Amino acid sequence: MEELSKRYVPGEIEDTWYKHWMNAGYFRSTPDEREPFTILIPPPNVTGQLHMGHILNNTIQDTLIRRARQEGKNACWVPGMDHASIATEAKVVALLREQGIKKSDLTREEFLAHAWAWKEKYGGIIFNQLQKLGASCDWERSAFTMDEIRSDAVISIFVDLHKKGRLYRGKRMVNWDPSAQTVLSNEEVIYEEEKAILFKVKYKVVGTKDQWITIATTRPETILGDTAIAVHPDDKRYTALQGKKVQVPLIEREIPIIADSYVDIEFGTGALKVTPAHDINDYEIGKRHALEVIDVLNPDGTMSPAAQLFVGLDRDKARKKMVAALEEAGYLVGTEDLIHNVGRSERTRVIVEPRLSLQWFVDTKALADPALVAVMENEIEFYPENLKNTYRHWMTNIRDWCISRQLWWGHQIPAWYLKNESSKALSTDADEPVFVAHTALEALEEAKKITGRTDLTLADLQQDEDVLDTWFSSWLWPISVFNGFRDKKELDYYYPSNVLVTGWDIIFLWVARMIMAGYEWKGEKPFQSVYFTGMVRDQQRRKMSKQLGNSPDALGLIEQFGADGVRYGIMASAPAGGDILFDEKLCELGRNFCNKVWNALRLVTSWEVDTRLAHDEGRALAIRWIKSRMAEVDTQLRSDYKQFRLSEGITTLYSFVWNDFCSIFLEVIKPTYGEASDQKSYEATQEVFEDICKLLHPYMPFITEEIWHKLRDRTAGDDCMIALLPNHLGSADKDVTGLFNHVLDVKTSVLELRNQHQLSPKEVMYLVYPSDPELIKLWNTPGAKFVLKKLANAECNEGEGTGVSFLAGKYQYYAALSISVDKEAEIKKMEEEITYYEGFVKSVDKKLGNEKFVANAHPDVVEKERQKKADGLLKIEQLKKSIAQLN
RNA sequence: GGGUGAUUAGCUCAGUUGGUUCAGAGCGCUGCCUUGACAGGGCAGAGGUCAGCAGUCCGAGCCUGCUAUCACCCACCA
């Protein structure tokens, strides 16, 4: 037998087994006659590096997929990557800037060449990292949202939606990211409360000598774009001013005072400056009153020529200058502190600017209907269920989805326009004819048909320069990963997938939209269940982020604690939906657990087997007991998996392995020191250990595989990973459990006595038992060396010490201690116990005396109460006997 | 403003159909142990009025209502 190290050392073992599994093709799935079990990875960003969120998310998926494999299903976990339009483009732009290259100096093609080169170099790092974690993805199926198949799907769907009339191009107030210089969807804007200053500025009423109206604003720089002042129609303070004109400070443009019920009389001064170009509400007011729209900002957030002042200055700087100028000229009449919500770009974190622009939208209303019903009627199950409410709220108030992005990295919108002769720029006219088609040639045909101009050539057409929102490719993922828009063969087998594992933060961005797409193009739900994970936070409940530096180095953790240790750490704290307060300490626990199991292996493999040895009764009982416990654990696990209670599952296993298997079973079953094991005990131990490996494998794949192979010699292909789950576990054996628990009681009592009397564990203790649970004789307790003597009472022979009694279960025992014991104290202690049990019996009696209880409660419950009473009385009786004997 | 969830030991949290020692686990803490698989270990112990109030019930940590505090989501805020 080879010598095993004292501690489990994960590093090499993990690499070896991962390679072994890969080479054996265990991760690979192709359709066959078995029942499929499918999971699609939420594709990480191509720019992504493994972080705690990924570890959480992918450990869950791997656990589920490995369990399914053990259940004999055709398990298929499809990996993939997301091109992450805005995030990736930002990274590439930054990288180019470092090299002294400006994006604006590049053509689209040049830029994309850089981007692809970058993708080839850095993309997919995360795949290797996932492999370190043990992810059993079918890597041959790896998909990328911008590869040929997936791109084709995106373009086809855009064309299809256009054909169905569910797409439109319109000029709308949108969320503008001045840093990335693109529009964002509502879901990509994060609102947070921030401190601001509310400036009060007075405007002079035209035609008066010294009459003013004061407004309140947090954005004084937009004053330059004001085209009206609005007051509430019922606001008496301003009735006289309605219809008059005022002068915009500093630039003296004349604008009207209008009445609009949008204005809140209570807020600020009750007078609102209206800047239709820079505020969604102002824009609406502007439309109602046919106000002019003056856009004082450039797309990059600097002041535009229309502002007249501070042109070219960034909006922040312009604000400071504006305030100074207003103050100097005497227009600023006061300031106030204010806390208000500020929208920031999810990706670039800059403040989002409301901006009027021409964009593509999906009319989502019709898509939402079946998707809403599916979830509300549990056609698709949400875990935790309460997210259904959130989902319903969003779905019933769904707004159109802005899908165009002013970026280059992504799927270019398959829409063509006639080239504008006068300028290179595309028209900003929403009514301009547009030709949507899969290719430029098809678009040309379309253009000829629509315009009637047969002389048109490709040169007359220009493709839309924008790309599509990343989520526009993500929402097709459940279908596109199987090339399902072109070829139904695999799709029909694997679709719908069994479970989607993702964070609740993208329930709208992604989950809802996949459901919509699933029903629209496959006519069926995309997945059976959704397991929403919580966010991984630190001990102070802060989100993990690079800026805070509170995000542990994921790979470092794996190195430090082993993949299994990290998997344990994250799974032990990951109930569905709830946030996870991650602590490295949990990984340490996982590592310690590995070590515990490893040492159990060391113990078992160190045994010699002697076939001549008899299999004794005590060990036979222990085997019955551990199998009974195993059956209970198995039942529990099945139910945990069914309900996605994965953290409960690992906790159950942890406790079973550590307490039941190691602390109790192995202690009983192991050969007496210096002796060998009997054959039956040894084989049973191997069997139980193997079953433990199988049950633990989905959570901790590496160590279980290693132990599987160390436990006995295996033929090729006999691997834990593909071993089918045991189905011979049977059910719990109550008789055996009761007996064993009693033995444990005695053991605990003896140890307690030792502790109490400060006796050395080496000291021999004589134990006297009243009835004859013979099995206690067989109890092999390290550190609690006691010799059993069957005596009628607490008499002790010369040299055996003083008799002390204790209760274990319902039996009274006597221990002979080598030291003298204070009799009075012993009696007092027992009297206290009697008092306790008398009170206990009294309360049970009260219950049993209650007619309504006896009449209404389940007979079982009543019977149990009666039993409790009988036990209590018995204990009192025995205690009294003991006292009498001591006296 | 609309909604969701939470409140149980010093900390993080389980507690599934209301009913057995149901008041639990892990960590932390205290004491003892160089045990023959494991000090990354073992044994034992202390710690809680289950947020509060009221109700339903024979019986409430669990069900109902209200209150308090906290967290998050959606919408909106000059």
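About the thresholds
Every residue gets a number counted from 1 within its own chain, in the order that chain's sequence is written. Just so you know, chain letters begin at A and ligand numbers begin at 1, following the order they were written in. The predicted nature of this model means local features are confined to residues of pLDDT at least 70 and side-chain atom pairs, given and counted, to a pLDDT of 80 or more, with totals for whole chains, interfaces and linings taken over all residues. Excluded from the side-chain calculations are hydrogens and water; all other atoms, namely the structure's heavy atoms, are used. The pairing criterion is simple: DSSP has to find at least two bridges between the two strands. For helices the rule is a DSSP run of H or I covering at least 4 residues; for strands it is a run of E covering at least 2, with both sets numbered from the N terminus onward. Residue contacts are defined here by distance: any two heavy atoms, one from each residue, within 4.5 Å place the two residues in contact. Note on scores: pLDDT gives the predictor's confidence for each residue, bounded by 0 and 100. Convention adopted: a line fitted to C-alpha atoms gives each axis, helices being fitted over their contacting stretch, and angles between N-to-C directions are expressed from 0 to 180 degrees. Each residue is tested against the molecule or strand, and it is near if at least one of its non-hydrogen atoms lies within 4 Å. By the criterion applied in these results, polar contacts are pairs of N or O atoms within 3.5 Å in which, for protein atoms, one can donate a hydrogen and the other can accept it, and in which residues neighboring in sequence qualify only through two side-chain atoms. Planes of paired rings set the category: under 30 degrees apart is stacked, over 60 is edge-to-face and the rest tilted, where pairs are Phe, Tyr or Trp rings (Trp by its six-membered ring) whose centres lie within 6.5 Å. Accessible area is worked out with a 1.4 Å probe on protein chains only. A residue is then buried under 20% of its type maximum, exposed over 50%, and partly exposed in between. If an angle is under 35 degrees, it is roughly parallel; if it is over 145, roughly antiparallel; if it lies from 65 to 115, roughly perpendicular; otherwise it is oblique. Residue polarity follows a fixed list, in which Ala, Val, Leu, Ile, Met, Phe, Trp, Tyr, Cys and Pro are nonpolar, Asp, Glu, Lys and Arg are charged, and the others, Gly among them, are polar. Seen with the strands pointing away from the viewer, any crossover whose path from the first strand over the helix to the second strand runs clockwise is right-handed. The arc in question is formed by the directions pointing from the helix axis toward the C-beta atoms. A helix's residues, less one, multiplied by 1.5 Å, set its expected span. Residues belong to one nonpolar core when they are buried, are Ala, Val, Leu, Ile, Met, Phe, Trp, Tyr or Cys, and are joined through side-chain atoms within 4.5 Å. Handedness of a crossing follows from how the near helix is turned relative to the far one, being left-handed for an anticlockwise turn of less than a right angle and right-handed for a clockwise one. The criterion for a disulfide is a pair of cysteine sulfur atoms lying within 2.5 Å. Note on definitions: salt bridges are taken to be side-chain nitrogens of Lys or Arg within 4 Å of carboxyl oxygens of Asp or Glu.

**Points about the sheet that holds strand E14 (residues 353-362)**
And then number 1: One open sheet accounts for four strands, arranged E6-E5-E14-E16; its pairing is antiparallel. Of all strands in the sheet, those with a lone pairing partner are strand E6 (182-184) and strand E16 (401-402), marking the two edges.
And then number 2: Alignment of strand E5 (residues 167-177) against E6, held across three bridges, turns out to be antiparallel. Directly across from Trp176, in E6, lies its bridge partner Val183.

**A look at the environment of Leu491**
And then number 1: On the secondary structure map, Leu491 appears in helix H14 (residues 488-494).
And then number 2: Contacts of Leu491, omitting those with residues within four sequence positions, involve Pro478, Ile479, Phe482, Gly484 and Lys522.

**Points about the confidence of the model for chain A**
Should the pLDDT be low somewhere, the predicted coordinates at that spot are not to be read in detail.
And then number 1: On average, residues of chain A score 87 in pLDDT, and 90% of them are at 70 or above.
And then number 2: Predicted confidence for residues 770-775 stays below pLDDT 50, and this span has 10 contacts to residues more than four positions away or in other chains.
And then number 3: A low-confidence stretch, residues 789-796 stays under pLDDT 50, and its non-local contacts, those more than four residues away or across chains, total 19 contacts.
And then number 4: Scoring the predicted complex yields pTM 0.91 and, for the interface, ipTM 0.94.

**Remarks on the sheet that holds strand E23 (residues 527-533)**
Neighbouring strands of a sheet are bound in pairs by backbone hydrogen bonds; such pairs are parallel or else antiparallel.
And then number 1: Ordered by their spatial adjacency, three strands build an open sheet running E15-E23-E22, and the pairing between neighbours is parallel. The open sheet is flanked by strand E15 (381-383) and strand E22 (497-503), the only strands paired with a single partner. Neighbouring strand axes in the sheet, compared pairwise and without regard to direction, differ in orientation by 20 degrees on average.
And then number 2: Bridge count for E15 against E23 is three bridges, and the pairing is parallel. Bridged to Phe382 within E23 is Val530.

**What to know about the protein's contact with RNA strand B**
And then number 1: Close contacts around RNA strand B come from 53 residues, with Thr218, Asp264, Asn281, Asn341 and Trp658 the closest.
And then number 2: Here the atoms of RNA strand B within 4 Å of the protein split so that 53% fall in sugar or phosphate, with bases taking the remainder.
And then number 3: At 2.8 Å from a sugar or linking oxygen of RNA strand B is found a side-chain nitrogen or oxygen belonging to Asn850.
And then number 4: Side-chain polar atom of Lys868 to a phosphate oxygen of RNA strand B: 2.7 Å apart, as the coordinates give it.
And then number 5: Residue contributions to the surface near RNA strand B peak at nine residues, all from helix H18 (residues 584-606).

**Digging into the packing of aromatic side chains**
And then number 1: Under the defined criterion, the tally for this structure stands at 34 aromatic pairs.
And then number 2: Where Phe382 meets Phe532, the ring centres are 5.1 Å apart and the plane angle is 80 degrees; that geometry is what we call edge-to-face. Residue Phe382 is found in strand E15, and its partner Phe532 is found in strand E23; the two are separated by 150 residues along the sequence.
And then number 3: You can call Phe382 buried: its relative accessible area is 4%.

**What to know about the packing of helix H20 (residues 646-669) against helix H21 (residues 679-696)**
Between two packed helices, what matters for the description is the angle formed by their axes and the separation of those axes.
And then number 1: Contact geometry for H20 and H21: axes closest at 11 Å, N-to-C directions at 170 degrees. With respect to H21, the element H20 is oriented roughly antiparallel. Taking contact as the criterion, the partners of Ile650, Leu653, Phe656, Val657, Phe661, Phe665, Leu666 and Ile669 in H20 are, on H21, Ser681, Thr685, Val688, Phe689, Ile692, Leu695 and Leu696.
And then number 2: Here the residues of the contact of H20 with H21 sort into 13 nonpolar, two polar and no charged.

**What about the pairing of E23?**
And then number 1: With six of its seven residues buried, E23 lies for the most part within the structure.
And then number 2: For the segment spanning E22, helix H15 (residues 507-521) and E23, crossover handedness is right-handed.

**Points about helix H10 (residues 387-396)**
And then number 1: Residues Leu387, Lys388, Tyr391, Trp394 and Met395 constitute the buried set of H10. For H10, the angular spread of the buried residues around the axis is 130 degrees, confining them to a single face.
And then number 2: Against helix H9 (365-376), E15, H15 and E23 lie the buried residues of H10.

**A word on helix H8 (residues 315-328)**
And then number 1: In this model H8 runs 20 Å from its N-terminal to its C-terminal C-alpha over 14 residues, within 8% of the 20 Å that 1.5 Å per residue would give.
And then number 2: Buried residues in H8 make contact with strand E7 (189-205), strand E13 (332-345) and E14.
And then number 3: Where H8 ends, the next residue or the one after it, Gly330, has phi of about 85 degrees, a positive value.

**Focus: the nonpolar core**
And then number 1: Counting residues in each nonpolar core, the largest one holds 114 residues, and the members touching the most others are Leu64, Phe582, Phe661, Phe665, Leu666 and Phe689.
And then number 2: The biggest single contributor to this core is H20, with 13 residues.
And then number 3: Aside from chain neighbours lying at most four places away, what touches Phe661 is Ala600, Ile626, Phe656, Leu666, Val688, Phe689 and Ile692.
And then number 4: Of all hydrophobic cores here, the second largest spans 62 residues; its members include Trp360, Ala415, Leu500 and Leu509.

**Focus on the packing of H21 against helix H22 (residues 701-711)**
And then number 1: Where H21 contacts H22, the two axes come as close as 9 Å, and the packing angle between them is 160 degrees. The angle between H21 and H22 places the two elements in the roughly antiparallel class. Between H21 and H22 lies a crossing whose hand is left-handed. The residues of H22 that touch H21, namely those facing Gln686, Phe689, Glu690, Cys693, Lys694 and Leu696, are Thr704, Ile707, Trp708 and Leu711.
And then number 2: When the residues that make up the contact of H21 with H22 are grouped by side-chain class, the tally is six nonpolar, two polar and two charged.

**Describing the state of the cysteines**
And then number 1: Applying the stated criterion to the full structure yields zero disulfides.
And then number 2: In this structure Cys693 is a free cysteine whose sulfur lies 5.2 Å from that of Cys720, the closest cysteine sulfur available.
And then number 3: Cys693 sits in the buried class, given a relative accessible area of 2%.

**Some words on the pattern of salt bridges**
Side chains bearing opposite charge may pair, as long as their charged atoms lie close to each other.
And then number 1: Under the criterion given, the structure shown has 52 salt bridges.
And then number 2: When the shortest N-O distance is used, the salt bridge between Asp226 and Lys273 registers 2.8 Å. Of this pair, Asp226 sits in the loop between strand E8 (212-217) and strand E9 (228-231) while Lys273 sits in strand E12 (residues 271-274), placing them 47 residues apart in sequence.
And then number 3: With relative accessibility at 0%, the residue Asp226 sits in the buried group.

**Considerations on the side chain of Ser404**
And then number 1: By secondary structure assignment, the location of Ser404 is in strand E17 (residues 404-405).
And then number 2: The buried category is assigned to Ser404, whose relative accessible area is 0%.
And then number 3: Side chain to side chain, Ser404 and Gln359 meet in a polar contact 2.7 Å long.
And then number 4: Here Trp360 takes part through its backbone nitrogen, which lies 2.8 Å from a polar atom of the side chain of Ser404.
And then number 5: With near-sequence residues (within four places) excluded, Ser404 lies in contact with Val183, Gln359, Trp360, Ile413, Asp466 and Val467.

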